Amino acid sequence: MNSERNVNVAVVGAGIVGICCACYLQRSGFRVTLIDRDEPAMQTSFGNAGGLSPGSVAPIGMPGMWKQIPGWLLDDTGPLYIKGSYLFKVLPWLTRFVLESRSARVADISKALASLNGPCFEALQPLVEDAGVNHMIKRSGQLFVYRSRKHMEKDALTHQLRGDAGARLEYLDAAEIRDLEPALAPIFESGYLMPDNGHCEDPYGMARALVRLFLERGGRFQKAEVADFGFDPDGVTCVKTSTGDLQTDHAVICAGIWSKSICAKLGWKIPLESHRGYHVTLEDPGASLNHMCFPVEDKFAITPMSMGIRIAGTVELAGVDAPPNYARAQALLVAASKLLPGIRTERVTQWMGHRPCFPDSLPVIDRCPNHNGIFFAFGHGHQGLVGASQTGKVVDEMIRGVSPSMDLRPFSIERF
């Protein structure tokens, strides 16, 4: 640790991935500055569904999914939607997404996801214990439910991938589902419980607690836009920001969807796309759930949180700059009202955020090949909260120069 005390690290992006990187680096003795144009955790880390899933090993793109693309253009409140005016721009990304959805490729991606997401609780534990928010982590399992057994059987490959990764699946019939979650409508014929998964009851509160501890221990936060970087023959020397140059020995890029433009300054053109997601949070639902629930055909999650019940999910491809289409959030509310009969919807908030996705569902966790001292940790897609802690741990290992605790080859930026 002593050798790191005079080494400065700038972490660009104060979402949950950047926060975990900053906390792990600080624990190793580095002098760390978090940089973000917003207050910490105000983007996707604020509004995510809260899932913590070591068994989350299935990529977004699965074999045969390409057949659904035409339908995604038609219903702007459906689970998956491509804005027509954005189709031409997103077509190269979709083409690669289809290629990455082949059966052989899916197996390799799943193994990589298992290495990143499998240790999520173990890697997160020391951070939340230090911050005094261990109570926010609920290891109560996740419930996946289907209206018919036939629909569940269509997901056989997903179940196989999870089983191959060592995840436990406990299959349930209709009566067992009702016993576990009596608040759900009695419309689900089959499902399964993943008892080793869980959720965070307040993702924003947890992230803010980690930042508070980081600052109390001498970390710095700089609210600024990142414009560029300075270099000398040995590598990075500073981060150029809207509030001045920040001298540093290393820089970690964790800026979510905005990492794309930062990487362009470093000479990297990357296929990073926003999977715009929506949520509604019912602050006084008048119902309670025991588990985070996934009505799989609806493609959203229902999570019991400290502030109420959150319904979150869906995918919208419309770019970063298009205004939110809150009809999608209202569609979530209508659907959830049918699944949770009698819930109260008088006090509800809505939100939209950008999930940074690569076509292969894997983030980039890597050293910058052409600039010494620059590191990458972004593109976690729908699983930023799940993969953040292990990402922080392995980024710290890379900068300390020790052997990483996972194989980083699948996460290389050079795969693009």
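Structure shown above.
Keep in mind it's a predicted model, so treat the numbers as computed, not measured.

Observations regarding the overall build of the protein chain
- In terms of regular secondary structure, the protein chain is built from 13 helices and 21 strands.
- Taking 22 Å as the expected radius of gyration for a compact globule of 416 residues, we find that the protein chain reaches 21 Å, a close match to that expectation.
- When the backbone C-alpha atoms are referred to their principal axes, the protein chain occupies close to 65 × 45 × 40 Å.
- Put simply, the protein chain has 416 residues, and 57% of those count as buried.
- In the protein chain, the proportion of contacts linking residues at least 24 apart, taken out of those at least 6 apart, comes to 76%.
- Carbon together with sulfur atoms contributes 51% to the accessible area of the protein chain, which is approximately 17000 Å² in total.

Section: helix α5 (residues 103–117)
- Under the 1.5 Å per step criterion, the end-to-end length of α5 is 21 Å for 15 residues, consistent within 8% with the ideal 21 Å.
- What α5 keeps buried is the set V106, I109, S110, A112, L113, L116 and N117.
- Buried residues in α5 make contact with α6 (120–131), α8 (156–164), β20 (364–367) and α13 (384–400).

Re the sheet that holds strand β9 (residues 198–200)
- Pairing is antiparallel in the open sheet, where three strands are placed in the order β3-β9-β5. The open sheet has two free edges, formed respectively by β3 (51–52) and β5 (137–138), since each of these has just one partner strand.
- Alignment of β3 against β9, held across two bridges, turns out to be antiparallel. Along β9, the bridge assignment pairs L52 with G198.

Notes on the sheet that holds strand β13 (residues 244–247)
- Read from one edge to the other, the open sheet built from three strands follows the order β11-β12-β13, with strand pairing classed as antiparallel. Two strands lie at the open edges of the sheet, namely β11 (226–232) and β13, each paired on one side alone. Within the sheet, the average angular offset between the axes of one strand and its neighbour, ignoring direction, is 30°.

Focus: unusual backbone geometry
- We note that A41 has phi near 65°; this positive angle belongs to a residue other than glycine.
- If you trace the backbone, A41 turns up in the loop between β2 (31–36) and α2 (44–47).
- Note on A41: relative accessible area 2%, which makes it buried.
- Even without glycine at this site, K299 takes up a positive phi of about 60°.
- For K299, the location among the structural elements is in the loop between β16 (292–295) and β17 (300–305).
- A relative accessible area of 42% places K299 in the partly exposed class.

What to know about the nonpolar core
- Counting residues in each nonpolar core, the largest one holds 56 residues, and the members touching the most others are V11, I16, M206 and V252.
- At the level of secondary structure, the elements contributing two or more residues to this core comprise β1 (8–12), α1 (16–27), β2, α5, α6, α10 (203–216), β21 (374–378) and α13.
- The element best represented in this core is α1, accounting for nine residues.
- Ignoring any residue separated from it by four or fewer positions in sequence, one finds I16 in contact with S45, M206, A207, L210, G384, L385 and A388.
- Core analysis: the second largest hydrophobic core is formed by 26 residues, A224, V239, W268 and F376 among them.

Some thoughts on the pairing of β17
- Counting buried residues along β17, six of its six residues qualify, which places the element largely inside the surrounding structure.
- Relative to strand β18 (residues 308–317), β17 runs antiparallel, the two sharing six bridges. Bridge pairing links A301 to A312 in β18.

Structural notes on the side chain of R310
- Within the fold, R310 resides in strand β18.
- Look at R310: it is buried, it has no salt bridge, and the nearest opposite charge is D202 at 6.4 Å.
- At 3.0 Å, the side chain of R310 and the side chain of T281 are in polar contact.
- With residues up to four places along the chain from it excluded, the contact list for R310 reads F46, G47, N48, A49, P203, H279, V280, T281, A301, I302, T303 and M305.

About the cut-offs
Residues numbered from 1 in each chain as written. Predicted model: local features only at pLDDT ≥ 70, side-chain atom pairs only at ≥ 80, totals over all residues. Heavy atoms only, no water. Helix = DSSP H or I, 4+ residues; strand = E, 2+ residues; numbered from the N terminus. Rg over C-alpha atoms; globule rule 2.2 N^0.38 Å. Buried < 20%, exposed > 50% of the residue type's maximum accessible area, 1.4 Å probe, protein only. Contact = heavy atoms within 4.5 Å. Areas by Shrake-Rupley, 256 points an atom, 1.4 Å probe, with all protein chains shown as cover. Expected span 1.5 Å × (residues − 1). Pairing = 2+ DSSP bridges. Axes fitted to C-alpha atoms, helices over the stretch in contact; angles between N-to-C directions. Core = buried A, V, L, I, M, F, W, Y, C linked by side-chain atoms within 4.5 Å. Lys, Arg positive; Asp, Glu negative; His and termini not counted. Salt bridge = Lys/Arg side-chain N within 4 Å of Asp/Glu carboxyl O. Polar contact = N/O pair within 3.5 Å; in protein donor to acceptor, adjacent residues only side chain to side chain.

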